[in-house]
Amino acid sequence: MTLTEKVLARAAGRARVEAGENIWVKADILMTHDVCGPGTIGVFKREFGPNARVWDPKAIVIIPDHYIFTADSKSNRNVDILREFVKEQGIEYFYDVIDDPNGVWRFDPVKGMLRRQYGLRYAGVCHTALPEKGHTRPGEVLFGTDSHTCMAGAFNEFATGIGNTDAGFVMGTGRLLLKVPPTMHFYLEGRLQPGVMAKDVILHIIGEIGFDGATYRAMQFDGPGVAHLSMDDRMTIANMAIEAGAKNGIFPFDARTAEYVEARTRLNNTKRTYEPVEPDKDQKFIYELVVDLSRLEPLVACHPDPGRRKKAKELGHIRLDRAYIGSCTGGKASDFVEAARILRGRKVVIDTFGVPATPEVVRELQTTFWGCESIWDVLVNAGVQMTENASCAACLGGPVDTFGRINRPGIKCISATNRNFPGRMGDKESEVYLASPATVAASALTGRITDPREFL
Ligand SMILES: CC(C)[C@H](C(=O)O)[C@@H](O)C(=O)O
């Protein structure tokens, strides 16, 4: 069996499963957020009754992150619905968004230093917050009402996005009927060269197979190249499995996975036990591709779909109006570090926005110093408009007052986010070019699509 089949067989209580079979699977975690949570709750109440209880209040994780930090009353009402439901059901993991994102300074016993607390529980973008808060564990099944839930496949688990109807059902029963997806195999070898990032790996792969090339398939990323990829890198790659239509993306378990998961579950006092899945010697794949990481170059997915891959160095003629670094895919600390390396001591020439994925990323950027400047200051001094309000922000447009949203037609934006269908970041007549944070940073310095190696 492939990694995906192994997790699913275990979750179905079976010795083996095969691609194409329909099986009942037990969920370990159900995640929902402000956009789909109210709908999911509605389905749950309609189908199970107004007084129904969720199947396990400790296994449901609720993270407002999309349409927040806005004056839009409907969006704010959505968060209120989540608050009421959490109280009613005694949901343990609710990372509420607070009114004052600047918080106060408190002593952090773990780090032994003063740190800024951004509110008690607010966690930022759900896909980045889930691992940070210790909710992603090898060998488990994670369902989420968001297509980028597949990001957690970086942690050797089966993670997939489901709709509100399915999620309402999982909420009541902890189970879901699933068709086992066939697995596509991506064998990674070699090592990324300077200026090339995990984003380029996944843009390369989607460019090879097309934005629907993995529809209802599992994408398994393994091979010796994985050892050189950080957990952040693996998250970026797994996150965009859905941009090729995949059901899920999955990585093998190794010492890096263990280190990350153990540290986060300990720190957050979440469940500490887990059982990873190992690949079998003989696995049945529906497709195979070898990717030599050392030969990849900085890439861009041109408007209007994530499969329109081109080399950054060949797109110097495309003039840009805006640059954006953020989201689950491109707003992790390592993403901003790579951008800062390029931007340090230089100035952007177009509107450039930076939205950290989580408050933890904000803290890391503000407390990590290069000489006497924090990484946060490097970015601000280069002219990047940074916000401390970690969230999805303009990645998917959002209400008109959303930070960084494209509110005018004709704007061309290069973005470290994950999706670029028409209207994705706001105005329907705008264009989004997807690239790594390094390529976004280099392009912000020149005002046209630029290969970051020009600045290394
Ligand atoms: C709002 C949500 C349903 C959506 C998704 O599922 O992906 C969003 O997160 C996105 O990135 O487009």
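For the structure given in this document, a descriptive report is provided here. Every value quoted in this text rests on a predicted model; they were computed, and no experiment measured them.

### Some words on the sheet that holds strand E7 (residues 141-144)
Piece 1. Pairing in this open sheet of 5 strands is parallel, and the strands run E4-E3-E2-E7-E8 from one edge to the other. In this open sheet, the two edge strands, each paired with only one partner strand, are strand E4 (93-94) and strand E8 (158-161).
Piece 2. Pairing analysis gives 3 bridges linking strand E2 (residues 29-33) to E7, with the strands arranged parallel. Looking across to E7, one finds that Met31 is bridged to Gly144.

### So, helix H7 (residues 231-239)
Piece 1. Along H7, 9 of the 9 residues are buried, which leaves the element largely enclosed by surrounding structure.
Piece 2. For H7, every residue scored as buried is listed here: Met231, Asp232, Asp233, Arg234, Met235, Thr236, Ile237, Ala238 and Asn239.
Piece 3. The inward-facing, buried residues of H7 abut helix H4 (126-132), helix H6 (198-209), strand E11 (218-222), helix H8 (255-268), helix H9 (327-330) and helix H10 (333-343).

### Describing the sheet that holds strand E10 (residues 183-189)
Piece 1. As summarised here, the arrangement of the 4 strands in space is E12-E11-E10-E13, forming an open sheet in which the pairing is parallel. Across the chains shown, the open sheet's two edge strands, defined by having one partner strand only, are strand E12 (248-250) and strand E13 (285-292). Adjacent strand axes in the sheet meet at a mean angle of 20 degrees when their direction is disregarded.
Piece 2. In this structure, E10 lies alongside E11, joined through 5 bridges in parallel fashion. Bridged to His185 within E11 is Gln220.
Piece 3. In this fold helix H1 (residues 3-11) packs onto E10, E11 and E12, with an angle of close to 105 degrees to the strand it touches most, E12.

### Considerations on the environment of Phe251
Piece 1. Inspection of the secondary structure assignment puts Phe251 in the loop between E12 and H8.
Piece 2. The class for Phe251 is buried, based on a relative accessible area of 0%.
Piece 3. Distance from Phe251 to Ala238, taken between C-alpha atoms, is 8.0 Å for residues 13 residues apart in sequence.

### Some points on the side chain of Glu132
Piece 1. Looking at where Glu132 falls in the secondary structure, it is placed in helix H4.
Piece 2. Buried and unpaired, Glu132 has no salt bridge, with Arg264 as the nearest side chain of opposite charge at 5.0 Å.
Piece 3. Dropping the residues within four chain positions of it, Glu132 is found in contact with Tyr260, Arg264, Asn268, Thr358, Glu360 and Val361.

### A look at the site of the ligand
Piece 1. Taken together, the residues surrounding the ligand are Val35, Cys36, His66, Asp146, Ser147, His148, Leu396, Arg419 and Arg424.
Piece 2. Here His66 contributes a side-chain N or O atom positioned 2.7 Å from an oxygen atom of the ligand.
Piece 3. One of the side-chain N or O atoms of His148 is found 3.3 Å from an oxygen atom in the ligand.
Piece 4. When the residues that make up the shell around the ligand are grouped by side-chain class, the tally is 3 nonpolar, 3 polar and 3 charged.

### Points about unusual backbone geometry
Piece 1. Residue Pro304 is bonded to the preceding His303 through a cis peptide linkage, with omega at 5 degrees.
Piece 2. Within the secondary structure, Pro304 is located in the loop between strand E14 (299-301) and strand E15 (309-311).
Piece 3. With phi around 50 degrees, Phe69 is a residue other than glycine that occupies positive phi space.
Piece 4. Summarising the element assignment, Phe69 is placed in the loop between strand E3 (60-63) and helix H3 (73-89).
Piece 5. For Phe69, a relative accessible area of 27% translates into the label partly exposed.
Piece 6. Phi angles above zero are rare outside glycine, and Ala393 is one such case at about 45 degrees.
Piece 7. Within the secondary structure, Ala393 is located in the loop between strand E20 (385-386) and strand E21 (412-415).

### Details of a nonpolar patch on the surface
Piece 1. A cluster of nonpolar residues, Trp24, Phe48, Phe169 and Leu177, forms a patch on the protein surface that exposes about 370 Å² of accessible area.
Piece 2. On the secondary structure map, Phe48 appears in helix H2 (residues 37-48).
Piece 3. Residue classification places Phe48 among the partly exposed positions, given a relative accessible area of 33%.

### Regarding the nonpolar core
Nonpolar side chains in soluble globular proteins generally cluster together in the buried interior.
Piece 1. Counting residues in each nonpolar core, the largest one holds 54 residues, and the members touching the most others are Ile205, Met219 and Phe221.
Piece 2. The biggest single contributor to this core is H6, with 7 residues.
Piece 3. Cys302, Val361, Ala382 and Ala444 belong to the second largest nonpolar core, which has 41 residues in total.

### Some details on the packing of H2 against H3
Piece 1. Contact geometry for H2 and H3: axes closest at 9 Å, N-to-C directions at 45 degrees. For the element pair H2 / H3, the angle class is oblique. The chirality of how H2 crosses H3 is left-handed. Facing Gly37, Pro38, Ile41, Phe44 and Lys45 of H2, the residues of H3 in contact are Asn78, Ile81, Leu82, Phe85, Glu88 and Gln89.
Piece 2. Of the residues assigned to the contact of H2 with H3, the class counts are 6 nonpolar, 3 polar and 2 charged.

### Observations concerning the pattern of salt bridges
Piece 1. All chains considered together, the criterion is met by 21 salt bridges.
Piece 2. Arg234 is the salt-bridge partner of Asp254, the closest N and O atoms lying 2.8 Å from each other. Separated by 20 residues along the polypeptide, Asp254 in the loop between E12 and H8 and Arg234 in helix H7 bring together distant segments of the chain.
Piece 3. For Asp254, a relative accessible area of 23% corresponds to the partly exposed category.
Piece 4. Judged by relative accessible area, which is 0%, Arg234 ranks as buried.
Piece 5. One salt bridge in this structure joins Asp335 and Lys332, with 2.8 Å as the shortest N-O distance.
Piece 6. Here the residues in one salt-bridge network are Glu297, Lys311, Lys313, Asp451 and Arg453, joined through shared partners.

Analysis parameters
- Residues numbered from 1 in each chain as written.
- Predicted model: local features only at pLDDT ≥ 70, side-chain atom pairs only at ≥ 80, totals over all residues.
- Heavy atoms only, no water.
- Pairing = 2+ DSSP bridges.
- Helix = DSSP H or I, 4+ residues; strand = E, 2+ residues; numbered from the N terminus.
- Buried < 20%, exposed > 50% of the residue type's maximum accessible area, 1.4 Å probe, protein only.
- Contact = heavy atoms within 4.5 Å.
- Axes fitted to C-alpha atoms, helices over the stretch in contact; angles between N-to-C directions.
- Lys, Arg positive; Asp, Glu negative; His and termini not counted.
- Salt bridge = Lys/Arg side-chain N within 4 Å of Asp/Glu carboxyl O.
- Near = heavy atom within 4 Å.
- Polar contact = N/O pair within 3.5 Å; in protein donor to acceptor, adjacent residues only side chain to side chain.
- Nonpolar A, V, L, I, M, F, W, Y, C, P; charged D, E, K, R; others polar.
- Patch = residues over 30% accessible without salt bridge, like charges linked within 9 Å, V, L, I, M, F, W, Y side chains within 5 Å.
- Areas by Shrake-Rupley, 256 points an atom, 1.4 Å probe, with all protein chains shown as cover.
- Core = buried A, V, L, I, M, F, W, Y, C linked by side-chain atoms within 4.5 Å.
- Parallel < 35°, antiparallel > 145°, perpendicular 65-115°, else oblique.
- Left-handed = near helix turned anticlockwise from the far one by under 90°.

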